[in-house]
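Chain by chain, the residues:
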Amino acid sequence: MTTNGDDEAMVRRLHPLRVLVSGRDRRFVRVTSFLLAQRGYDVAQSSPKKTLETVERHRSDVVLLETSNVRVIVARQVAALQALPVAPSVLVAFDRDEEDSWQGLSTVQKWTPVETLVEQIEAAARARPAPLTESERAYL
């Protein structure tokens, strides 16, 4: 159960929000996964190469992608995730010196306080794209 800071409306979920934490920085992935699990999220971890496979298996609502300064790979992963029939919301976790390079994507600074990260994850979950219809899937 969470509250929305804008209108203080209570949000009740039938199941915990499913979050996938993916990245090359294993310390970031482990620590972030632990902190999110402590707050009641259903958390999975993956390497960047197995992100798509893990999203489909875990049925993730939100994917937190740690960048490790490889912008091209992250951009391809975001595009592939957005093309899934049931696309998760994607948050890109960036290092402090990369702040201006991720325009147009939902981002959160790496190692931000966990309360801020939780707010960003909740906002991303509310903005999650609707599943594709049958006719839309036909064009993929």
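One can find the structure itself at the top, above this paragraph.
The structure contained in this document is the topic of the report that follows. This one's a predicted model, so the numbers in the text were calculated from it and none came from an experiment.

**Considerations on the sheet that holds strand β5 (residues 62-66)**
- Sheet architecture is open: five strands sit in the order β4-β3-β5-β6-β7, paired in parallel fashion. Across the chains shown, the open sheet's two edge strands, defined by having one partner strand only, are β4 (42-46) and β7 (107-109). When strand polarity is set aside, the average angle formed by the axes of neighbouring strands in this sheet is 25°.
- Pairing of strand β3 (residues 18-22) with β4, which is carried by five bridges, proceeds in the parallel orientation. Bridge assignment links Ser-22 to a residue of β4, and that residue is Ser-46.
- In the packing of helix α2 (residues 51-58) onto the sheet, the strands contacted are β3, β4 and β5, and the crossing angle to β4 comes to about 155°.
- Against the sheet, helix α3 (residues 71-82) contacts β5 and β6 (89-94), and its axis sits at roughly 170° relative to β5.

**Details of the packing of α2 against α3**
- Put simply, α2 and α3 touch, their axes get as near as 10 Å, and they point 30° apart. The orientation of α2 with respect to α3, classified from their angle, is roughly parallel. When you trace α2 past α3, the crossing you get is right-handed. Contacts from Thr-51, Leu-52 and Val-55 of α2 reach α3 at Gln-77, Ala-80 and Leu-81.
- For the contact of α2 with α3, the per-class residue count stands at four nonpolar, two polar and no charged.

**Some details on helix α4 (residues 114-126)**
- With 13 residues, α4 extends 18 Å from end C-alpha to end C-alpha; this agrees with the ideal 18 Å at 1.5 Å per step.
- Of all the positions in α4, only Val-114, Leu-117, Val-118, Ile-121, Glu-122, Ala-124 and Ala-125 are classed as buried. Relative to the axis of α4, the buried residues are bounded by an arc of 160° and lie together on one face.

**Overview of the packing of aromatic side chains**
- What the rule picks out here adds up to one aromatic pair.
- Ring geometry for Phe-28 against Trp-111: centres 5.2 Å apart, planes inclined by 90°, an arrangement best described as edge-to-face. Residue Phe-28 is located in helix α1 (residues 26-38), and its partner Trp-111 is located in the loop between β7 and α4; the two are separated by 83 residues in the primary sequence.
- Exposure remark for Phe-28: the relative accessible area of 4% places this residue in the buried category.
- Over the ring of Phe-28 we find Lys-110, and its NZ or CZ is 5.6 Å from the ring centre.

Reading guide: rules and limits
Residues numbered from 1 in each chain as written. Predicted model: local features only at pLDDT ≥ 70, side-chain atom pairs only at ≥ 80, totals over all residues. Heavy atoms only, no water. Pairing = 2+ DSSP bridges. Helix = DSSP H or I, 4+ residues; strand = E, 2+ residues; numbered from the N terminus. Axes fitted to C-alpha atoms, helices over the stretch in contact; angles between N-to-C directions. Contact = heavy atoms within 4.5 Å. Parallel < 35°, antiparallel > 145°, perpendicular 65-115°, else oblique. Left-handed = near helix turned anticlockwise from the far one by under 90°. Nonpolar A, V, L, I, M, F, W, Y, C, P; charged D, E, K, R; others polar. Expected span 1.5 Å × (residues − 1). Buried < 20%, exposed > 50% of the residue type's maximum accessible area, 1.4 Å probe, protein only. Arc of directions from axis to C-beta. Phe/Tyr/Trp six-rings, centres within 6.5 Å; stacked < 30°, edge-to-face > 60°. Lys NZ or Arg CZ within 6 Å of the ring centre and 35° of its normal.

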